[in-house]
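As a plain string of letters, each chain reads:
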Amino acid sequence: MKASSPEAAPNAEPILSDRIPGIQKFGYGLGTIHDMWGHWLYASLAFLVFNIHLGVSPKWIARALLIKLLFEAVWDSVFGWWSDNTRTRFGRRRPFILVGSVAAGCFLPMMFMVQPGWSEVQYFWYMVGTMALLVPIMSCFYMPFQSLGAELTPDYHERTALGAVRSAMQKFPEVAMFAAGAFATAGVWVGATWSDVPARLATLFSQTTHWFAQVLGSLFTLDFTRFGVLMKTLFGWEHAPEGAKNNVLVGAQTYTLILGVIMVVAGVVMFLLTRERYYNKLIVGRKQAPVSIKDTLWQTLKCKPFRANLSMAMAYGIGTSMIGTLGYYATVYYVCHGDVSSANTWNFWMGLSGMFLGLCGIPVYAFAAKHLGKKRGLIIVQLSAIAVSVASWWLYNPSIQWLQVLYSGFCAFTSAGFWMLYGSMSADVMDYDELETGMRREGAFSACGSWIMKFGMGLGNWASGEILDKIGFDASLGGNQTGHAIFMLRFLFAAIPIAGLVVSIILLVRFPLTQQKMAEIRQKLEARRGKA
């Protein structure tokens, strides 16, 4: 009888002590609010506010976002190292999570507190200056947050279950990111100033409640024609009258202020609900020696499984990070012919589709990983993502605009599976490292992995801005872009992610930690230092 492969070996259910309580999974999942809005909201809004509204060249914005990586290289390492070596009555991760999450919520609105009429250089240095302040705040939160996720359970499959909850909860703040453009470009912001923001918000609230009432009425009466018309506007937010220019800047400032308040509340709740598994017994009980700051980067890169996992994810990140920027411009200037308000409404429905299909993708890929192993499950994810990228050529269609909603949903379907399994495999790497070094240093791995991943994705964001400039895109032309610029935009939007995904699959083959290998590692660890 042929023996089954180690990666596809049967899986026992986690024992009770290895299960993470549901309330802790929920508390940990709240951290995706800060990850999405603190890390990625700015990049998605910056081009709308600074390029399309204020006229700053895309290359200046892309360069500012690239400089951000230099700050992250320093601060991610500092807070990864710092949290590894912290000892408090609340643990070594949770105090940083509390301080960082609250500070991030307070600072987020400052990212767009500029004035119209500045020069491109002034806007550039404002972007750089505010990012220099936001980055250490986000590092204070995110490095301990990532580290905490890796140490909540020692079970091979419970780690995937935690990743599934995190990925599922992440879909809700992702929708808020898609709604950001529609909010900032709503017609209510025409002629808006800060003094009348409360009145404008009251108008938006009135439009929203009226829209929901009409939607429910059309469904109750089965008036699907009326329902279809209502779906063309987001929450009833009226578009700006033709020829009128809405104050996108005030809209963005107001939106980030609202999200900042939510971040503060979520951070406090997360601090109260989460606990640290390894802290008392392995860190304090064994009196683990301080981790050198050089271990935060260079020593972690000596770990072979870590290098394999990280290089695979970096290829994925570089390839797919351009989807956001290039896809947004394809929606605005190809599908919607330069109608920014209409494009941002579609952008929201694309986000909603992403939330729904992203949630659907989580159990599908979790099932594949449980029965085929994490590596094979991840290969299935990447092959699916390649198929979606190929389909973008037909799904972005000015004649059938709603097809782009399917593209966004299918992207989220695969993306949810990737990040769920990548996080679970990262936790396996840290057990491997403990066996090799005798130390728990999740912060070092989180810092090194996070910075290199963000470096790759930052390269993608930077390249997006440079590409827009090189292919001849000009925001002042509106929907009258050249045929060459539109063709290259569509071609690169499909081709670049495919190239990154192919490289990612090749690198994934090198990852050595199968389910059987992880069972052996756990057995050796518990024989040496006991159960955590």
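Residues numbered from 1 in each chain as written. Predicted model: local features only at pLDDT ≥ 70, side-chain atom pairs only at ≥ 80, totals over all residues. Heavy atoms only, no water.

It is worth spelling out the environment of isoleucine 496 at this point. Inspection of the secondary structure assignment puts isoleucine 496 in helix 17 (residues 483-508). Residues isoleucine 496 and threonine 320, spaced 176 residues apart in sequence, show a C-alpha to C-alpha distance of 7.6 Å. Leaving out residues up to four positions away in the same chain, isoleucine 496 has contacts with Gly319, Met322 and Ile467. (Helix = DSSP H or I, 4+ residues; strand = E, 2+ residues; numbered from the N terminus. Contact = heavy atoms within 4.5 Å.)

We now examine helix 13 (residues 340-372). For helix 13, spanning 33 residues, the distance from its first C-alpha to its last is 44 Å, which sits close to the expected 48 Å at 1.5 Å a residue. Looking at where helix 13 begins, the residue whose side-chain oxygen comes 3.1 Å from the main-chain nitrogen of serine 342 is aspartate 339. Just beyond helix 13, the residue with positive phi is glycine 373, at close to 100°. (Expected span 1.5 Å × (residues − 1). Polar contact = N/O pair within 3.5 Å; in protein donor to acceptor, adjacent residues only side chain to side chain.)

Membership of the largest hydrophobic core comes to 112 residues, with the highest contact counts inside it found for Trp37, Tyr42, Phe50 and Trp189. In terms of residues, this core owes the most to one element, helix 5 (residues 120-150), which gives 15 residues. Each residue touching tryptophan 189, except ones within four places of it in the same chain, is listed here: Phe183, Ala184, Val197, Arg200, Leu201, Leu204, Asn246, Asn247, Val250, Gly251 and Thr254. (Core = buried A, V, L, I, M, F, W, Y, C linked by side-chain atoms within 4.5 Å. Buried < 20%, exposed > 50% of the residue type's maximum accessible area, 1.4 Å probe, protein only.)

Moving on: the packing of aromatic side chains. Inspection of every chain in the model, using the stated rule, returns 34 aromatic pairs. Look at tyrosine 316 and phenylalanine 418: their rings are 3.6 Å apart centre to centre, the planes differ by 5°, and that puts the pair in the stacked class. With tyrosine 316 in helix 11 (residues 304-320) and phenylalanine 418 in helix 15 (residues 403-437), this pair connects stretches of sequence that are 102 residues apart. When the centroid spacing of 6.0 Å and the interplanar angle of 85° are considered together, the rings of tyrosine 328 and tyrosine 329 count as edge-to-face. By the burial criterion, tyrosine 328 is buried, and tyrosine 329 matches it. Through a chain of ring-to-ring contacts, the aromatic side chains of Tyr42, Phe50, Phe112, Trp118, Tyr123 and Tyr126 assemble into a single cluster. Sitting over the ring of tryptophan 60, arginine 63 keeps its end group 6.0 Å from the ring centre. (Phe/Tyr/Trp six-rings, centres within 6.5 Å; stacked < 30°, edge-to-face > 60°. Lys NZ or Arg CZ within 6 Å of the ring centre and 35° of its normal.)

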